[in-house]
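So the chains spell out like this:
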Amino acid sequence: MAGFHYEKNLPHQQRAVDAVLAVFDKVQIKECAAEENPGFVFAGSLLQDNIAAVQRANGINDAPLSGKNVLDIAMETGTGKTYAYAKTLFELHRQLGLFKFIVMVPTLSIKAGTKDFLKSEALARHFRLDFAGSYGQTELVLYVVESAKTKAKKTAAPAEIVRFVQASDKQKIHVLLMNAGMVNSDTLAGKTGDGSTLIKDKFDVPLQALASVRPIVIVDEPHRFPTDKKTWANIEKLQAPFIIRYGATFAGHENLLYRLTAVDAFNDDLVKGIRVFSEDVQGDDGTRLKLLALDGAEATFEVGGKAAKRTLRLRVKDPLAMLHPAIDDLQVEGMNKSTLLLSNGVELKKGDSLNPFSYATAVFEKMLRQAVRRHFELERELLLREGGRIKPLTLFFIDDIEGYRDGNRLAGSLKSRFESYVKAEAERCLQTEKDDFYHAWLEKTLADIEATHGGYFAKDNSDKDEKIEKQVHEILHDKQALLSLENPRRFIFSKWTLREGWDNPNVFQICKLRSSGSEISKLQEVGRGLRLPVNEYMARVKDGGFVLNYFVDSSEQDFVQKLVSEVNRSVAQETVYTALNDELIARIQSAYPKESKRSINNALYDAGWIDDDNQFVNNGFAEMKKRFALAFSTSGGLKDGKIDHAGRKANKVAMRPGKYEELKALWEAINQKALLRYDIADEKAFAKLFESYLSENKNKFSESGVRTVQSQIRVHNGLLQSVQQHSVDEENFEPVCTLRYGEFLRKLSQVAFIRMDTLHKAFYRMRGDFDITRFMNERTIHAIKIGFNRWLLLNSFTDFQVGYTHVGGGVHPTKFTNAKGQPLAKVNAADLGVQSDIQREPLPQYLFDSVFFDSELERENIADCQVQEVVVFTKIPKNSIKIPVAGGATYSPDFAYIVKTAKGDTLNFVLESKDVPDSAALRAEEQKKIAHAHKLFDEISREVRVRFTTQFEGQKVTALIRQHLQEAGERPE
């Protein structure tokens, strides 16, 4: 089975990497001893200036500089923070020569997951092959400090620490992995040794030996390392030049460099959405059981709710049904003066409460049955998915461990009931299943139902049962085996043990069978299933509009409200704008769709709140916030529908029967693969283009080495905010040489696709303007590649022409069709738009039965096209038609219309909708991309008659279609 495939340069992860690297801009590096990391010299206030610049670039204005050597990266659960810091290690090694790192994790379970990740061949292959030009054969060597199994007194430093400290091969990245318990141990403090074993011939205290190599320390889950506690004090004894903390939760920030909030993660589709199934128990009158006191012999409960309260006492072995008749098969197992233990394993402390209705057998069984049934529905959809099957997992959190592990011996046990539901559901599906693959999958399920599930509980660590050991190994350490289509296991049971430090990208359902007994973070609970899934080839799938099903009992009716509230609390403090810019205008227009850029500008200018340069004056920003209050509501944040109650909104949209056939010819024509052709005479002409780019950018080859940053804020729907920022890219070229001339030319040639001799001649002819030999580093290579690609786009159709060549072969499957070219019954709603209008019926000619859109202009197009000649029209799904444009980017239009003319033939109409006043308001890049689209559709029109146009604000699609019919002579004026 192929290993996991990691994607490189994902923007949200790359921004985290770039943020750390930017701290070291213009730093002076000094070599140290063979076993030590190099040293840094930050001249004057350079360090503080760099950190402040990164914060400005990433829109962070609420986390002041701390003056400490701690750098913070905040990334929400499921967005790949472990990968982000792994890549950061490679970059710090490549760019600064750092080769010794200590990764500190809070718990053994997180340590096990981190170990598996960093040691995986898949990760090593990813950095070796996908970044061959950057990292070559660089190897990450992992040293894991484990607790000694023997109880005998330890007299020597752990061997892994000795090996790590003494390592001197600077071509490799040496990483020491430790958990909090180990850094606090007497072993590392040197209290267990007698001084007879030395490290580097001079240290008998391991912490001091580690400090001597000047390690960079990575801290995972920083909220588990309070800065006023012993563990943090011991981390500081490592005397790291820098401590870099990565986490979703912080007790307080120190030099926050980058923040990817939960809102960003949900709104930007970096994680699954969430659909919550909660039980509504008839007769639940709000009664709750609150533990008031424990004396070791009796437990005192307060029983009541909205009605009168009463006090009852229970002893060991007393059933909880004495407190409330809704509770089945639960009794007091034991107690002391601080803790009450129930027979299901739940521990209660003074002040804890229980909902008696969540312990009713009827609720338990309904949740179990529903989760199993939903799993099979989801499973069929994902396993029959075009382009790579996805095997979904369902995770059950339970308290009845005995009922699961010993289920074969207990009649009516959790295990026996669960297996009966799986059997019944598989048999039901098998009766009507016609697909050969899924039919065989169901037969395999029925042949060995026990093989479909497995569990992990704390006591399993000491269990020697071979079958249990295999389950635990797969669940904890072998994701590939668990996700293999050869493996029928897809149901996992645990008792909250997997809540932190474990995740699997293909968890699509979490069923919380009965309360955990404590109030914890809702994001933490759902975090085990937020990652985007991988398919059978272990490749991440991003375009599915995936949703995590979460099942809770009647005690958590407010789960959605709490989760949304928790997500929105993660939004950063509001940015204070000094000028009216495009970002701010986009934010206002999201809340006030009828406002144009011009009307907003005029309103503010006439009120005296901005000057001629659009700078805010006379307290203009504060006044503008009052004028456009909806755009600045503090209740905003999460996009509608990303976390929702089950059944409120479909994640699939049905295609209307028969409509696709009328669209087929146009759809297949615009889905043909096309290659961009640069109409450049010869290599000499191309060389002149490259020299023109160098000439126009020669001023960027300066002594400053200043890092410039582009940022963009994209706000959806006013109250529902989403922040996206471009990565921290270098536009100026820094006068630092880390490469020889030949190596520099070779690497630049590989990434920019320019011949080495062409590069050499161009740099030679430009030597009077700048000396390239002073700028030969990886950053220059990256900047030239990005800059020249952008220059090619902006200068297309002026300095050179482009054309398109169609590539033969089939076009199916597409977003609308399967591999055989047959129309799909349903498509992903997320592909058609992030917003929906369930109140409005789409026009009869529309391809789908529901309205999904991304802007107000698109909603109007779907619901208000009054042209009787239009036979069928559709929103073009995201990323379905990728028109290649100069410089390597792509472009996709928004709508397609089939129009019958008066002559009885067909006019195909493709539309790009832009919510701006006119073409002059478009960015130069957008104007060029639209020009490419015109070029492509002109060539397509030689075979299929297509008109392409752009719609601006205030223009009705009805008028545009009629205009084109008149121009074509197909309709009287």
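The numbers attached to residues start from 1 for each chain and follow its sequence in the written order. Reporting of local features is limited, given that this is a predicted model, to residues whose pLDDT is at least 70; pairs of side-chain atoms are given and counted only at 80 or more, and all residues count toward the totals for whole chains, interfaces and linings. Side-chain descriptors were evaluated using all non-hydrogen atoms of the structure, hydrogens and water having been removed beforehand.

### Some words on the overall build of the chain
For step 1, the next point in the chain: In this description a helix means any DSSP run of H or I spanning at least four residues, a strand means any run of E spanning at least two, and both kinds are numbered starting from the N terminus. When you go through the chain residue by residue, the secondary structure sums to 31 helices and 37 strands.
For step 2, the next point in the chain: Only protein chains enter the calculation, and the probe is 1.4 Å; a residue is then buried if its accessible area is under 20% of its type maximum, exposed if over 50%, and partly exposed in between. Relative to its full complement of 973 residues, the chain shows a buried share of 53%.
For step 3, the next point in the chain: Considering only contacts within the chain whose residues lie at least 6 apart along the sequence, 73% involve residues at least 24 apart. Residue contacts are defined here by distance: any two heavy atoms, one from each residue, within 4.5 Å place the two residues in contact.

### Overview of the nonpolar core
For step 1, the next point in the chain: What is meant by a nonpolar core is a set of buried Ala, Val, Leu, Ile, Met, Phe, Trp, Tyr and Cys residues, joined one to another through side-chain atoms within 4.5 Å. Core analysis: the largest hydrophobic core is formed by 54 residues, its most contacted members being Phe816, Phe848, Tyr897, Phe937 and Ile961.
For step 2, the next point in the chain: Mapped by element, the contributors of at least two residues to this core are helix 24 (659-670), strand 31 (852-853), strand 32 (870-875), strand 35 (895-900), strand 36 (906-913), helix 30 (924-940), strand 37 (946-951) and helix 31 (957-967).
For step 3, the next point in the chain: Element by element, the count of residues in this core is highest for helix 24, at six residues.
For step 4, the next point in the chain: Listed in part, the 51 residues of the second largest apolar core include Ala19, Phe40, Ala84 and Tyr85.

### Description of helix 17 (residues 466-477)
For step 1, the next point in the chain: In this scheme, a helix's expected span is set at 1.5 Å multiplied by one less than its residue total. Here helix 17 is 12 residues long and its end C-alpha atoms lie 16 Å apart, about the 16 Å a rise of 1.5 Å per residue gives.
For step 2, the next point in the chain: Among the residues of helix 17, Ile468, Gln471, Val472, Glu474 and Ile475 are the ones counted as buried. Relative to the axis of helix 17, the buried residues are bounded by an arc of 165 degrees and lie together on one face. In helix 17, the exposed positions angled more than 90 degrees off the buried face are occupied by Glu466 and Lys470. By arc we mean the arc of the directions from the helix axis to the C-beta atoms, nothing more.

### A closer look at the sheet that holds strand 32
For step 1, the next point in the chain: Across the sheet, four strands lie side by side as 32-35-36-37; this open sheet has mixed pairing. On the outer flanks of this sheet lie strand 32 and strand 37, each paired with one strand and no other. Sheet twist, expressed as the mean angle between neighbouring strand axes with direction ignored, is 20 degrees.
For step 2, the next point in the chain: At least two bridges found by DSSP between two strands is the condition for calling them paired. Direction of pairing for strand 35 relative to strand 36: antiparallel, over a ladder of six bridges. Within strand 36, the position partnered with Val899 by the bridge is Leu907.
For step 3, the next point in the chain: Lines fitted to C-alpha atoms define the axes here, with helix axes fitted over just the stretch in contact, and angles between the N-to-C directions of these axes take values from 0 to 180 degrees. Helix 30 rests against strand 36 and strand 37 of the sheet, and its axis sits at about 160 degrees to strand 37.
For step 4, the next point in the chain: Along the sheet face, helix 31 touches strand 32, strand 35, strand 36 and strand 37 and points at about 140 degrees away from the line of strand 36.

### Comments concerning the side chain of Ser749
For step 1, the next point in the chain: Within the secondary structure, Ser749 is located in helix 26 (residues 741-752).
For step 2, the next point in the chain: When its relative accessible area of 16% is taken as the criterion, Ser749 is described as buried.
For step 3, the next point in the chain: If near-sequence neighbours (up to four positions away) are discounted, Ser749 is found in contact with Ile754, Arg755, Met756 and Leu759.

### Quick look at the pairing of strand 32
For step 1, the next point in the chain: In terms of burial, strand 32 is a largely internal element, six of the six residues being buried.
For step 2, the next point in the chain: Taken together, the five bridges between strand 32 and strand 35 define a ladder with antiparallel strand orientation. Considered in strand 35, the bridge of Phe873 is made with Tyr897.

### Comments concerning the packing of aromatic side chains
For step 1, the next point in the chain: When two rings of Phe, Tyr or Trp (its six-membered ring) have centres within 6.5 Å they constitute a pair, described as stacked for plane angles under 30 degrees, edge-to-face for angles over 60, and tilted for the intermediate range. Throughout the structure, instances matching the rule amount to 34 aromatic pairs.
For step 2, the next point in the chain: Between Phe686 and Phe788 the ring centres are 5.9 Å apart and the planes differ by 80 degrees, which places this aromatic pair in the edge-to-face class. Separated by 102 residues along the polypeptide, Phe686 in helix 25 (residues 683-696) and Phe788 in helix 28 (residues 778-795) bring together distant segments of the chain. Just as Phe686 is buried, Phe788 falls in that class too.
For step 3, the next point in the chain: By way of ring pairs, the aromatic residues Trp667, Phe816, Tyr846, Phe848, Phe873, Phe895, Tyr897 and Phe909 are connected into one cluster.

### Topic: the environment of Val526
For step 1, the next point in the chain: In this structure, Val526 sits in helix 19 (residues 522-526).
For step 2, the next point in the chain: Owing to a relative accessible area of 0%, Val526 belongs among the buried residues under this scheme.
For step 3, the next point in the chain: C-alpha separation for the pair Val526 and Gln509, spaced 17 residues apart in sequence, amounts to 9.4 Å.

### What about the pairing of strand 14 (residues 332-335)?
For step 1, the next point in the chain: Two strands pair when backbone bridges link them, and strand 14 and strand 15 (residues 340-342) are joined in this way by three bridges, in the antiparallel orientation. Residue pairing in the sheet places Gly334 in a bridge with Leu341 of strand 15.
For step 2, the next point in the chain: Counting the residues between successive antiparallel strands, the hairpin from strand 14 to strand 15 contains four residues.

### A closer look at the sheet that holds strand 14
For step 1, the next point in the chain: With antiparallel pairing, three strands are arranged side by side in an open sheet as 14-15-16. Whereas interior strands pair on both sides, the edge strands pair on one side only; in this sheet they are strand 14 and strand 16 (347-348).

### Description of the pattern of salt bridges
For step 1, the next point in the chain: Salt bridges are counted wherever a side-chain nitrogen of Lys or Arg sits within 4 Å of a carboxyl oxygen of Asp or Glu. Applying the stated criterion across every chain yields a total of 33 salt bridges.
For step 2, the next point in the chain: Glu298 serves as the salt-bridge partner of Arg315, at 3.4 Å between the closest nitrogen and oxygen. Highlighted residues: Arg315 in the loop between strand 13 (310-314) and strand 14 and Glu298 in the loop between strand 11 (288-294) and strand 12 (299-304), separated in sequence by 17 residues.
For step 3, the next point in the chain: Look at Arg315 and you get partly exposed, because its relative accessible area is 44%.
For step 4, the next point in the chain: Look at Glu298 and you get partly exposed, because its relative accessible area is 23%.
For step 5, the next point in the chain: In this structure, a network of salt bridges that share partners links the residues Lys81, Asp220 and Glu221.

### Describing helix 27 (residues 756-765)
For step 1, the next point in the chain: Buried within helix 27 we find Thr758, Leu759, Ala762 and Phe763. All buried residues of helix 27 lie within an arc of 125 degrees about the axis, which places them on one face of the element.
For step 2, the next point in the chain: Elements in contact with the buried residues of helix 27: helix 25, helix 26 and helix 28.

### A short note on unusual backbone geometry
For step 1, the next point in the chain: Cis geometry marks the peptide bond from His812 to Pro813; its omega dihedral reads 5 degrees.
For step 2, the next point in the chain: Summarising the element assignment, Pro813 is placed in the loop between strand 28 (801-806) and strand 29 (826-828).
For step 3, the next point in the chain: Not every positive phi belongs to a glycine, and Glu221 is a case in point at roughly 60 degrees.
For step 4, the next point in the chain: On the secondary structure map, Glu221 appears in the loop between strand 7 (216-220) and helix 11 (230-236).
For step 5, the next point in the chain: The class for Glu221 is buried, based on a relative accessible area of 14%.
For step 6, the next point in the chain: One non-glycine residue, Lys317, adopts positive backbone phi at about 80 degrees.

### Quick word on the side chain of Thr758
For step 1, the next point in the chain: Structurally, Thr758 is set in helix 27.
For step 2, the next point in the chain: On the basis of relative accessible area, Thr758 is assigned to the buried category, the value being 4%.
For step 3, the next point in the chain: With near-sequence residues (within four places) excluded, Thr758 lies in contact with Glu683, Phe686 and Ala687.

### Some points on the packing of helix 1 (residues 11-22) against helix 3 (residues 81-96)
For step 1, the next point in the chain: Between helix 1 and helix 3, whose axes approach to 9 Å, the crossing angle comes to 40 degrees. In terms of orientation, helix 1 lies oblique with respect to helix 3. Note on packing geometry: the crossing formed by helix 1 with helix 3 is right-handed. Two secondary-structure elements touch here, helix 1 through Gln13, Gln14, Ala16, Val17, Val20 and Leu21 and helix 3 through Tyr83, Ala84, Lys87, Thr88, Glu91, Leu92 and Gln95.
For step 2, the next point in the chain: Of the residues assigned to the contact of helix 1 with helix 3, the class counts are seven nonpolar, four polar and two charged. An angle below 35 degrees is treated as roughly parallel, one above 145 as roughly antiparallel, one from 65 to 115 as roughly perpendicular, and anything else as oblique. Each crossing gets its hand from how the near helix is turned against the far one by less than a right angle, where anticlockwise is left-handed and clockwise is right-handed. Residues are grouped as follows: Ala, Val, Leu, Ile, Met, Phe, Trp, Tyr, Cys and Pro are nonpolar; Asp, Glu, Lys and Arg are charged; every other residue, Gly included, is polar.

### Looking at the packing of helix 28 against helix 30
For step 1, the next point in the chain: At a closest axis distance of 8 Å, the pairing of helix 28 and helix 30 adopts a crossing angle of 60 degrees. Classified by the angle between their axes, helix 28 and helix 30 sit oblique to one another. The element helix 28 and its partner helix 30 pack so that their crossing is left-handed. Contacts from Arg790, Leu793, Leu794 and Asn795 in helix 28 reach Ala924, Glu925, Lys928, Lys929 and His932 in helix 30.
For step 2, the next point in the chain: In terms of residue class, the contact of helix 28 with helix 30 is made up of three nonpolar, two polar and four charged.

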